[in-house]
Amino acid sequence: MDPLWILFAGMIVVMGGILTLRLHAFLALVLGALTVAVLTPHAALEAHAISKKLPLEEAAAFAKKPAIERITAAFGNTCAKVGILVALASVIGKCLMESGSADRIVRTALRIFGEQRAQFAFLGSGFLLGIPIFFDTVFFLLIPLAKALWLRTRRNYLFSVMAIVAGATMTHSLVPPTPGPLFVATQLNVDLGTMIVAGCAVGLFAALCGCLYAYWLNNRMDLPVRESAQASLADLEALAARSNSELPPLWMAISPIALPIVLIGGNTVSGAHSTLGNPNIALGLSCCIALALLAWQKRSSLDQLGDSIQGALADAGLIILVTAAGGAFGGVLQQSGIAPRIQELSSAHQIGVLPLAFGVTALVRIAQGSATVAMITSVGIIAGMASPEQLGFHPVYVALAIGAGSKPIPWMNDSGFWVICRMSGMTEREMLKSNSLMMLIMGLAGLAATMTLARFFPMV
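Let me sum up the structure you'll find in this document. Here the structure is a predicted model, which is why all the values come from computation and not from measurement.

This part is about the packing of aromatic side chains. Under the definition given, this model contains 7 aromatic pairs. With centroids separated by 5.0 Å and ring planes inclined at 80°, the aromatic side chains of F417 and W418 adopt a geometry described as edge-to-face. Accessibility classification places F417 together with W418 in one group, the buried group. Among the aromatic residues, ring-to-ring pairing joins F120, F159 and Y215 into one connected group. Cation over ring: R154 sits above W150, and NZ or CZ is 4.6 Å from the ring centre. R455 extends its terminal NZ or CZ atom over the ring of F456, reaching a point 5.4 Å from the ring centre.

Now the structure itself:
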């Protein structure tokens, strides 16, 4: 069966299950993964295994694996990548809220920037933090602050969430040393300094365009902070009513956020790969500090502290399940041979290199969910036609077009979709209408900026 039809069938099952049948996202994603896995032919599975450098005998054995075994393997791989991070970040967020740390940071930001500009502080923070740190980690760190701001103002929660996403997601795809743009720049022989400067310029323009849409939508769509296992609305209101004297000092409040940023960012910049710079270790240390701060601030016993974080871990468990199911769905889609099929389509049509790079990356992104995988796949397709002599402009613009193409359109097969959705309290419909559409706008804005720069500043 043609991989495009397999992709279409999987999308129908997932989106139809969630939006029409009202199935829980976990069930819909598992059913979608099962549909794709069953429909994928033996030859496609063997070709996928060979593309991963497996010997012929192992590739044949992989192709004979039952569909459910391939699904559970992809599910487990995703859990291994995000499980501990999600659990630790959920506990950190809970502690930041209950200890008053998030409220202290927000009150300080409001005093410095003013309420009208608070969302642009989120945008700038996400943009800078997204350079050395993975998007999911940045979002985990900043979303408690967005909730704390809503508690203070009762306004613009949607704008705050979208501002965080707009900033962090653009540098994730355009600015090294994040793995995606780092790999693309290396493959295209683009100097990393050039990639960083150009990526920041295009990324900032695209993020501002996304923020304009977020501002427009925020005036037409209300998104409150909803009830969750982490905290009821009554609990959140009680937290917001505290006086300044009841809150920890700023240096203590910001330490659980600053520590992982310093450790992870320093590890990335230095290339030392130290143990402390591992995201799981860094967030683990941050979690210890956050728990100690909560215990000190509330004078809690160990039993009370355990009860306090139980809801956070319950929320984390659901997020991990849904995220891993999305990873399983994306994993079996990759096994269907969708990437080579897209390569065939691109070579069959005469399209300009920059729109082609954008379009191929976007198709792979939509098909399998991961922006980084989409960039890695796309640069392998485009690299052969990306020499300066063939292009007439610097290959950095091809790298930027690939990065911009990795933005459209996050949906149910993307683990980041579920992280944003569950951590912010959005429904699937709200997520598609807000952040998914915003990323499409930012991707197109990034492509437009890239083509304009290539036209007027070719750098050759």
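From this point, things continue past the structure.
Packing of helix α2 (residues 25-39) against helix α5 (residues 67-99) brings their axes to within 9 Å, and their N-to-C directions diverge by 130°. The angle between α2 and α5 places the two elements in the oblique class. Two packed elements cross with a definite hand, and for α2 against α5 that hand is right-handed. Taken together, the residues of α5 that come into contact with α2 (itself represented by F26, A33, L34, A37 and V38) are A67, R70, I71 and F75.

The biggest cluster of nonpolar side chains holds 131 residues, and the ones touching the most others in it are F139, V398 and W418. If sequence neighbours within four positions are ignored, W418 has contacts with I18, A25, L29, V322, T323, M412, M423 and E428. The next biggest cluster of nonpolar side chains, apart from the first, holds 5 residues, and it includes L45, A59, F62 and A63.

Under the defined criterion, the tally for this structure stands at 2 salt bridges. Where D414 meets R365, a salt bridge forms, and the shortest distance between an N and an O atom there is 3.1 Å. With D414 in the loop between α20 (396-405) and α21 (415-424) and R365 in helix α17 (residues 353-368), this residue pair connects regions lying 49 residues apart in the sequence. The two residues D414 and R365 agree in class, both being buried. Of the charged contacts in the structure, one is a salt bridge between E428 and R422, with a shortest N-O distance of 3.3 Å. The exposure class of E428 is buried, given its relative accessible area of 14%. Overall, the relative accessible area of 23% leaves R422 in the partly exposed class.

Let's shift gears to unusual backbone geometry. Omega for the bond connecting P408 with I409 falls within 30 degrees of zero, at -20°, which places this linkage in the cis form. Mapped onto the secondary structure, I409 falls in the loop between α20 and α21. Of note, the phi angle at N156 is positive, near 60°, even though the residue is not glycine. Tracing the backbone through its elements, the reader meets N156 in the loop between α8 (135-153) and α9 (157-174). Non-glycine residue N189 carries a positive phi angle of around 60°.

Rules behind the numbers
Residues numbered from 1 in each chain as written. Predicted model: local features only at pLDDT ≥ 70, side-chain atom pairs only at ≥ 80, totals over all residues. Heavy atoms only, no water. Phe/Tyr/Trp six-rings, centres within 6.5 Å; stacked < 30°, edge-to-face > 60°. Buried < 20%, exposed > 50% of the residue type's maximum accessible area, 1.4 Å probe, protein only. Lys NZ or Arg CZ within 6 Å of the ring centre and 35° of its normal. Axes fitted to C-alpha atoms, helices over the stretch in contact; angles between N-to-C directions. Helix = DSSP H or I, 4+ residues; strand = E, 2+ residues; numbered from the N terminus. Parallel < 35°, antiparallel > 145°, perpendicular 65-115°, else oblique. Left-handed = near helix turned anticlockwise from the far one by under 90°. Contact = heavy atoms within 4.5 Å. Core = buried A, V, L, I, M, F, W, Y, C linked by side-chain atoms within 4.5 Å. Salt bridge = Lys/Arg side-chain N within 4 Å of Asp/Glu carboxyl O.

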